[in-house]
Amino acid sequence: MRIRYGFLGLFLAIAPSAYALELGPPPVLSPLQEQAQAAHLSAQFLTRYAYKPVPLNDALSAKIMDRFIESLDSDRSFFLQADIDKFAADSTKIDDAIVGEDLKVPFSIFNVYSQRVVDRMTYARNLLKQDFDFSVREDYSLSRDKEPWPKSEEQSNDLWRKRVKGDWLRLKLAGQADAAIRDTLDKRYKNILERVYTYKSDDAFQSFMGAYTTSVDPHTDYFGAAASANFDISMKLSLVGIGAVLQERDGYTTVRELVPGGPAQLSGMLAVGDRIVGVGQGDDGTIKEVVGTRLDEVVQMIRGAKNSVVRLDVLPAEAGENGSRRVISLVRDKISLEKQAAKKTILPLEDRGVARRIGVITLPAFYEDFEARRKGEKDYRSASRDVAKLLGELKREKVDGVLIDLRDNGGGSLAEAIDLTGLFVGKGPVVQQRDADGKIKVESDDLPAPAWAGPLGVLINRGSASASEIFAAAIQDYGRGVIVGEPSFGKGTVQTVVDLDQVAHNSKPKFGQLKLTIAQFFRVDGGTTQLRGVTPDISLPGLSDPNTLGEASYDNALPWGQIKPANYAAAGNRSGLLQQLQSRHDTRVQSDRDFQRFAEDAAELKVQREKRVISLNEVERRNELTALTTRLKAREQANDNLVPDKDDGLQANERSLNADIAIENARKNAKDVLRNEAASIVADQADLAENARKTGTR
């Protein structure tokens, strides 16, 4: 969620603090005329040209209202029930506000919320003056998105008492003294409080428009003039930075995606969903807490000179707010095509007394050097061209099979996905595309013959999206290879960006840009990758959370659908082959210690995610730590390389604060058990194919 702050001198919960009085009242935010015009113009596009037009009526108005409130207070810890009741009276007026170009209703909600933030941060800072009793047996809810809003100031006070107590206990368990804890938490709450005084009408409008556009579908969005100009829409730190796309969510600077080939992605130490809670410069610079700091300010802190070091204090995606943190160091760099490029390695395997060599091609993105291609350079770089070269090398090295690793490949060029498919299936249709008018276009590859006709596997996970899903789906539909891993993301839609200022013929930026969904992808078998993604032929355990990552995690995702199949020639019935591969896989992993421990880690992580409350009793929490430490030591004594050899920035007693973090650290230092098993499945294909040739069967 994106938290934005303003002010309205209504519904005061408590008297303002001396600090707030010193600064004076926060500004009352009001909509600008061009913002109302931009909202109206956006509505015209969304109701006429979107792939699935949604009429702007009372029904959508109520959804926008709910999503707007949700975006501001997803944890239901700022608003009171009385506020929600007052807002409900205007729940069917949002459509009229947009059409009539009068945005007073959403701005008034935003301003009430801003005052609630001032109230709660003031109360939280006052709580730091007292001591907490950690011998009391009480719990704090980690996720309140389904809980009711507090009905009174007393309920809100008790909620925030527990929240501050939980923050304090986490730092106490990490070994910090009381004075240091007070200082750390006071700075955190002060950051959030100060930010209330910095926001302008653009921020309130951006938050409201985000609620409107994502009520249409999850991938429709709006970017105000300032956001478009300053951050190039996606906030990519691609100039000189860490190579990450950041967003503000629940008051945290959160990693939305990693740029392939960037320092963050190459380090393996930062993941999608991780929250950056502090930033430090250099190898030993003081880390400044950034919880509650504006996103643009955090971005500027992370950017810097090439080859310089930035240190990030990270709260991992799987951890709750009271989870364990770790400090990582990254060297800033430009993102070059070379670092995004496909890479190969050869895995020697032995099973059933037979030695096999499997070529693994890791593809982080479906990239293409558009500029070089535009200039007519003969040898311009692209994903399909690079993979073709690697396949040639692997053939000369006489590998028995090829595995394409598409884990966390979020997509890229559609043309490259089509060309890459052609390397394995040859000439034929790859994907179908249906536009808003219902017209269907079949995209095909024209390569006369495949570059690799041998055993093939494709390894995917929840982070494999868009172009990755098009490729994997085509390989599966043609029966050309075996898909292994987790179900993919499920993004089967196409978006375009409309410059509203160009539409309105504005000489200067005023209205911003609108990203809207205009088409949908369908597989050659007629189904779509939308929502369901690609289901693996052989499933492997994973660490991703399907409730928070993937198209199905959106409550208004476009549904799965089906059209007429394309005219393509698939392989024969593969059910027998898949049964044999599954049987061999099941037998092999039963005796694979690394695989079984990875599966245990994944199961443990799932259990930790499902915990909705955390104890605020110190003895209970320390007992949990003891159990976790014992588990990690047992792993270390087993000498299975699943536990890090050195501290990664955490204090020893904080490294295992949560089982989920211990698991994440173990995963990042483990052998790539999933890649190894996927390669073994490809080796099984080679073995079965060889046996079939010897016996004359298919």
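Just above, that's the structure.
Residues numbered from 1 in each chain as written. Predicted model: local features only at pLDDT ≥ 70, side-chain atom pairs only at ≥ 80, totals over all residues. Heavy atoms only, no water.

Colleague: Give me the packing of aromatic side chains: which residues, what numbers.
Modeller: Applying the stated criterion across every chain, the model contains eleven aromatic pairs. Both rings, one in F78 and one in W160, keep their centres 5.3 Å apart while their planes meet at 55°; by these two values the pair is tilted. Highlighted residues: F78 in the loop between α3 (58-72) and α4 (81-88) and W160 in helix α7 (residues 153-173), separated in sequence by 82 residues. Here W160 falls in the buried class, since its relative accessible area comes to 1%. With a centroid separation of 5.6 Å and 65° between ring planes, the pair formed by F132 and W168 is classed as edge-to-face. Of this pair, F132 sits in the loop between α6 (104-127) and β1 (139-141) while W168 sits in helix α7; the two residues are 36 residues apart in sequence, bridging distant segments of the chain. (Phe/Tyr/Trp six-rings, centres within 6.5 Å; stacked < 30°, edge-to-face > 60°. Helix = DSSP H or I, 4+ residues; strand = E, 2+ residues; numbered from the N terminus. Buried < 20%, exposed > 50% of the residue type's maximum accessible area, 1.4 Å probe, protein only.)

Colleague: With reference to specific residues and values, describe the pattern of salt bridges.
Modeller: All told, the structure shown has 35 salt bridges when counted by the stated rule. Among the salt bridges present, the one from K306 reaches D333, with a minimum N-O distance of 3.8 Å. Taken as a pair, K306 in the loop between α12 (295-302) and β7 (309-315) and D333 in the loop between β8 (326-331) and α13 (337-340) lie far apart in primary sequence, 27 residues in all. On the basis of relative accessibility, which here comes to 13%, the residue D333 falls in the buried class. A single salt-bridge network, built from bridges that share partners, covers R356, D400, R584, R588, E677, D684, D687, E690 and K694. (Salt bridge = Lys/Arg side-chain N within 4 Å of Asp/Glu carboxyl O.)

Colleague: Residues and numbers for the nonpolar core, please.
Modeller: Grouped together as the largest cluster of nonpolar side chains are 75 residues, with contacts concentrated most on F79 and Y212. When residues of this core are assigned to their parent elements, the largest contribution, twelve residues, is made by α6. What Y212 contacts, discounting residues up to four positions off in sequence, is A39, A43, L46, L56, L60, I64 and I98. Counting 42 residues, the second largest nonpolar core, distinct from the first, contains I418, W452, V534 and A566. (Core = buried A, V, L, I, M, F, W, Y, C linked by side-chain atoms within 4.5 Å. Contact = heavy atoms within 4.5 Å.)

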